[in-house]
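Commentary on secondary and tertiary structure
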Amino acid sequence: MDSFYVTLLSLFIFITSLSLHFLFYKNKSSSSSSSPLPPGNTGYPVIGESLEFLSTGWKGHPEKFIFDRISKYSSTVFRTHLLGEKAAVFCGANGNKFLFSNENKLVQAWWPSSVDKVFPSSSSQSSSKEEAIKMRKMLPNFLKPEALKQYVAVMDDIAQKHFNDYWGNKNEIETFPLAKNYTFWIACRLFVSVEDPDLVEKFAEPFNLLASGLISIPIDLPGTPFYKAIKASNYIRKELVSIIKQRKIDLGEGKASATQDILSHMLLTSDENGKFMNELDIADKILGLLIGGHDTASSACTFIVKFLAELPEIYEGVYKEQMEIAESKAPGELLNWEDIQKMKYSWNVACEVLRLAPPLQGAFREALSDFMYNGFSIPKGWKIYWSANSTHINPECFPEPKKFDPSRFEGSGPAPYTFVPFGGGPRMCPGKEYARLEILVFMHNLVKRFRWEKIIPDEKIVVNPMPIPARGLPVRLFPHKA
């Protein structure tokens, strides 16, 4: 069945299942405050404005939902109803600052119920929010500068193999699937020491199904993204448990190192009570890391290919910088941390790509108590959405916002809380520096090998939930002459 109709069917069932709840809930106020709620409209019964919120992304213009309402209500905060929840949308740098500064004080992270259902072992013990907090405490050891410095050569080695295997001797390629292959290969190697291309390929498709259905309408019927995500999750968790069992044996026999990757660390690290994680908990956490470790970066790499194809003068700047680095290396010598620090212009270009096509379009928070914002009452339990586009393509934050201009990131760069592709505050993406490395290593290996042109000049961009070219961004390659 066509995925579009499956989605509509899922939405219809979801609406029907909530209708009775709505009859009792619609007139109930969750705030005793006499202060006004933000201006806005809760839309249709039960579904609220979810369909319009999602469909603007499907049409390639997710910012339209935000800016239409900012204009309509003359307010940078408005109320709506999304994914079955009463919600407020906070816009602009001030909204970002308020939410990021009040994490775990007035607001906390919120995920749809589908997340707990796809990761059942953790939700049986504690919520996905609590598990995420534990995970964030564990990650710094692997994302601190000393560790990151060791990853550069590993990433470059994988990038060289990737480009030789999948781009070499090809006239045309489809960018997005190959970008996913590259970032997933790196995540498998660094998180669980899996680097066999055949094993990486074996995991790739179920991981794509899992990532696509993770945040979706939680209808567990054949054909729906949610159903496919659960099946994929069960398959991958089973495979990961086998890897975990073998790693335990290898650690016991001295065949594996305690510091070789995150998996070893998880197996050997206890919590404050001396308790070790069980195999299914570790599998769930590795699952989450593998998704987060490759999904967003693959989108960024894809759009770097898109913009460099469209802007030859930007390509020339990146090419010049990267070739100076390439020509300074001995034959067979891999990139190192010092090389990455020289890629200043390339990173400015990558940041401009992240501004115009942020992989993380926004995120939800949940109000922990009633509070006031901009003179409006935000009731406890309401969901709050912040949008990267509310600043990224706002002319008050970035003059001529649709113009591609890497110089925006020179010197001190954009004003605080305006450039938020990795979120901010305590929930700033802990993998920001990791993503920077794999993006820059990708750019280096790409431009030193090829020029390219888009095969579909006006290819549509779809946001669901990340921006992706509708046809995968096919390009025609022109290898540099030796």
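Residues numbered from 1 in each chain as written. Predicted model: local features only at pLDDT ≥ 70, side-chain atom pairs only at ≥ 80, totals over all residues. Heavy atoms only, no water.

In the annotation of an unreviewed UniProt entry, the protein chain is listed under the name Cytochrome P450 and assigned to Penstemon davidsonii. Per its UniProt entry, the protein chain bears the Subcellular location (unreviewed entry) comment "Membrane". UniProt lists a comment for the protein chain under the heading Cofactor (unreviewed entry), and it reads "heme". (UniProt positions renumbered as here; feature names shortened; annotations may be inferred.)

The next subject is the overall build of the protein chain. Check the secondary structure of the protein chain and you find 19 helices and 12 strands. Across the 482 residues that make up the protein chain, the buried fraction comes to 52%. For the protein chain, long-range pairs separated by at least 24 residues make up 71% of all intrachain contacts whose partners lie at least 6 apart in sequence. When the accessible surface of the protein chain is split by element, carbon and sulfur atoms take 55% of a total near 22200 Å². (Helix = DSSP H or I, 4+ residues; strand = E, 2+ residues; numbered from the N terminus. Buried < 20%, exposed > 50% of the residue type's maximum accessible area, 1.4 Å probe, protein only. Contact = heavy atoms within 4.5 Å. Areas by Shrake-Rupley, 256 points an atom, 1.4 Å probe, with all protein chains shown as cover.)

Bringing the sheet that holds strand β2 (residues 85-90) into the picture now. The 5 strands are arranged β1-β2-β8-β5-β3 in an open sheet whose pairing can be described as mixed. Looking along the sheet, the strands with just one partner apiece sit at the ends: β1 (77-82) and β3 (107-109). Going across the sheet, the axis of each strand differs from the next one's by a mean of 35°, ignoring polarity. (Pairing = 2+ DSSP bridges. Axes fitted to C-alpha atoms, helices over the stretch in contact; angles between N-to-C directions.)

Below, the discussion takes up the pairing of strand β5 (residues 362-367). Burial analysis of β5 places 6 of its 6 residues in the buried class, which makes it a mostly covered element. Residues of β5 alternate between two faces, with Gly362, Phe364 and Glu366 on one and Ala363, Arg365 and Ala367 on the opposite face, all of them buried. Where β3 meets β5, 3 bridges bridge the pair, whose relative direction is antiparallel. Paired with Ala109 across the bridge in β5 is Arg365. As defined by bridge partners, β5 adjoins strand β8 (residues 383-387) across 5 bridges and the pair is classed as antiparallel. Across the sheet, the residue bridging to Phe364 is Tyr385, located in β8.

What follows is about the packing of aromatic side chains. One pass over the full model with this rule turns up 24 aromatic pairs. Among the aromatic residues, ring-to-ring pairing joins Phe53, Phe65, Tyr73, Phe78, Trp110, Phe364 and Tyr385 into one connected group. The aromatic ring of Phe398 is capped on one face by Arg355, whose charged end is 5.0 Å from the ring centroid. Its end group placed over the ring of Tyr319, Arg451 keeps NZ or CZ at 5.9 Å from the ring centre. (Phe/Tyr/Trp six-rings, centres within 6.5 Å; stacked < 30°, edge-to-face > 60°. Lys NZ or Arg CZ within 6 Å of the ring centre and 35° of its normal.)

Below, the discussion takes up the sheet that holds strand β9 (residues 450-454). With antiparallel pairing, the 3 strands of this open sheet are ordered in space as β4-β12-β9. Two strands lie at the open edges of the sheet, namely β4 (172-174) and β9, each paired on one side alone. Across the sheet, the mean angle separating the axes of adjacent strands is 35° when strand polarity is ignored. In terms of strand pairing, β4 meets strand β12 (residues 474-479) through 3 bridges, oriented antiparallel. Pairing of Ile173 across the sheet is with Val475, part of β12.

This structure, assessed with the given rule, holds 25 salt bridges. Of the charged contacts, one joins Asp68 and Lys64 as a salt bridge, the two residues approaching to 2.8 Å between their closest N and O atoms. Of this pair, Asp68 and Lys64 both sit in helix α3 (residues 63-73), 4 residues apart, roughly one helical turn. The class for Asp68 is partly exposed, based on a relative accessible area of 34%. The partly exposed category is assigned to Lys64, whose relative accessible area is 44%. It is possible to trace a salt-bridge network through shared partners that takes in Glu49, Glu52 and Arg69. (Salt bridge = Lys/Arg side-chain N within 4 Å of Asp/Glu carboxyl O.)

Let us now look at unusual backbone geometry. Even without being a glycine, Ser74 presents a positive backbone phi close to 50°. As for its placement among the helices and strands, Ser74 is situated in the loop between α3 and β1. Residue Ser193 is not a glycine yet carries a positive backbone phi of 60°. Looking at the secondary structure, you find Ser193 in the loop between α10 (175-192) and α11 (197-213). Overall, Ser193 belongs to the partly exposed group, its relative accessible area being 26%.

Time to look at the pairing of β8. Taking burial as the measure, the 5 residues of β8 include 5 buried ones, the bulk of the element. Burial along β8 is two-sided: the face carrying Lys383, Tyr385 and Ser387 and the face carrying Ile384 and Trp386 are both buried. Bridge analysis of β2 against β8 gives 4 bridges, and the strand direction is parallel. Bridge assignment links Ala87 to a residue of β8, and that residue is Lys383.

With respect to the secondary-structure elements, His392 resides in helix α18 (residues 389-392). Accessibility expressed as a relative area gives 0% for His392, which makes it buried. Taking the C-alpha atoms as reference points, His392 and Leu356, 36 residues apart in sequence, are found 6.8 Å from one another. Apart from the residues lying within four places of it in its own chain, the contact partners of His392 are Leu354, Arg355, Pro358, Phe398, Pro401, Thr418, Phe419, Val420 and Pro421. A distance of 2.9 Å separates the side chain of His392 from the backbone nitrogen of Val420, its partner in a polar contact. (Polar contact = N/O pair within 3.5 Å; in protein donor to acceptor, adjacent residues only side chain to side chain.)

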